[in-house]
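# Understanding the architecture of this molecule
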Amino acid sequence: MVQLDSGRTAGGERLFSPRTTRELWTLVTPIRIGDPPPALAPLRPNFNGYALGFGVHDYRGMKVVQHTGDFPVMSRVTMIPQLRLGVVVLTNQESGEAFSALTLRILDYYLGAPPVDWKEAFRRTVSYPRFRDAPQSDEPPQPGNTSSRPSLPLEKYAGGI
C-alpha cells in the first residue's frame, strides 16, 4: 500500500516522496521483447525492462510494476499503479509459472478481461520447442570456476569498503 500511495503509510506518514516513486518505477534497463510461446501470446508486452529494483512492463494496456522475493519463501508483488491494485503471491515452491498463473488470473479478474486458463497455458509451454530441445540431465549442476578472484583489490571498486 505504501508503494501504491507514493510513499505514504496508512497513518499518513510519508516514507518517501512521489518523485521517488516515479524514479523507482521508471525503466532504466530495457529488456528485448521476444515472441512468447503461442499459448502465452497475450503476455507479449509493448515495453519491458528493469527499473530501480522493479520489473516494469505492460499487460492489457496497463503499466505493471513487479518485484520478486527470494529464498526460502518465494513471493511476487505485482502492482498496477493506475488501478491502485496490488497482488501478492506467496508460495513454498520455486515455479515462476505458478506465480504467473495465479497473478494473471487475479489481474484478469480486476481488469474485466476474458478468462484464460493460465495454468494450462503455462503447462503447454513445457512442450514448446525451446524447452523440449534443451538437454536433460539428472546430474546436479557443477560449480563454476572456484579459483576465480576479483581483478582489483576490493577498495578499488565503487563505494570502497
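The rules behind the values
- Residues numbered from 1 in each chain as written.
- Predicted model: local features only at pLDDT ≥ 70, side-chain atom pairs only at ≥ 80, totals over all residues.
- Heavy atoms only, no water.
- Helix = DSSP H or I, 4+ residues; strand = E, 2+ residues; numbered from the N terminus.
- Polar contact = N/O pair within 3.5 Å; in protein donor to acceptor, adjacent residues only side chain to side chain.
- Buried < 20%, exposed > 50% of the residue type's maximum accessible area, 1.4 Å probe, protein only.
- Salt bridge = Lys/Arg side-chain N within 4 Å of Asp/Glu carboxyl O.
- Patch = residues over 30% accessible without salt bridge, like charges linked within 9 Å, V, L, I, M, F, W, Y side chains within 5 Å.
- Areas by Shrake-Rupley, 256 points an atom, 1.4 Å probe, with all protein chains shown as cover.
- Pairing = 2+ DSSP bridges.
- pLDDT = per-residue confidence, 0-100.
- 1 Å grid on protein atoms, 1.4 Å probe; cavity = no way out; pocket = protein on both sides within 12 Å on 5 of 7 lines; lining within 4 Å.
- Points joined across faces, edges and corners; volume = space filled by probe spheres on them.
- Nonpolar A, V, L, I, M, F, W, Y, C, P; charged D, E, K, R; others polar.
- Phe/Tyr/Trp six-rings, centres within 6.5 Å; stacked < 30°, edge-to-face > 60°.

### Remarks on the side chain of Thr125
- For Thr125, the position within the fold is in helix α3 (residues 118-125).
- For Thr125, the side chain forms a polar contact with the main-chain oxygen of Phe122, separated by 2.5 Å.

### Considering unusual backbone geometry
- Despite not being glycine, Ser6 shows a phi value in the positive range, around 50°.
- Relative to the elements of secondary structure, Ser6 occurs in the segment before α1 (18-24).
- The class for Ser6 is partly exposed, based on a relative accessible area of 23%.
- Not every positive phi belongs to a glycine, and Arg84 is a case in point at roughly 55°.
- Along the polypeptide, Arg84 turns up in the loop between β5 (74-80) and β6 (85-91).

### Thoughts on the pattern of salt bridges
- Counted under the stated rule, the structure contains 6 salt bridges.
- Between Asp5 and Arg8 there is a salt bridge; the shortest N-O distance is 3.4 Å.
- What makes Asp5 partly exposed here is its relative accessible area of 23%.
- The class for Arg8 is partly exposed, based on a relative accessible area of 34%.

### What about a nonpolar patch on the surface?
- Taken together, the side chains of Ile106, Tyr109 and Tyr110 make up a nonpolar region of the molecular surface, amounting to roughly 350 Å² of accessible area.
- You can see Tyr109 is positioned in helix α2 (residues 96-111).

### Quick notes on the pairing of strand β4 (residues 62-68)
- Sheet topology places strand β3 (residues 55-59) next to β4; 5 bridges connect them, and they run antiparallel. Bridged to Asp58 within β4 is Lys63.
- In this antiparallel pair of consecutive strands, β3 and β4, the connection spans 2 residues, and Arg60 shows a positive phi of 50°.

### What about the confidence of the model for the protein?
- Mean pLDDT over the protein works out to 84, with 84% of the residues at or above the 70 mark.
- Ranking the elements of the protein by mean pLDDT puts helix α4 (residues 129-132) last, at 44, and β3 first, at 96.

### With respect to the layout of surface pockets
- Volume-wise, the largest pocket comes out at about 920 Å³.
- In terms of lining residues, the largest pocket is bounded by 36 residues, among which Leu43, Asn48, His57, Gln66 and Ser100 are the most central.
- Elements supplying a minimum of two residues to the lining of the largest pocket: β2 (48-50), β3, β4, β5, α2, α3 and α4.
- Split by residue class, the lining of the largest pocket holds 16 nonpolar, 14 polar and 6 charged.

### Focus on the packing of aromatic side chains
- Scanning all chains against the criterion turns up 2 aromatic pairs.
- Summarising the aromatic geometry, the rings of Tyr109 and Tyr110 are spaced 5.2 Å apart at their centres and angled 90° between planes, so their arrangement reads as edge-to-face. This pair shows no difference in class: Tyr109 is exposed, exactly as Tyr110 is.
- Ring geometry for Trp118 against Phe122: centres 6.3 Å apart, planes inclined by 45°, an arrangement best described as tilted. One end of the pair is Trp118 and the other is Phe122, both in helix α3 and 4 residues apart, which spans about a single turn.
- The exposure class assigned to Phe122 is buried, which follows from its relative accessible area of 10%.

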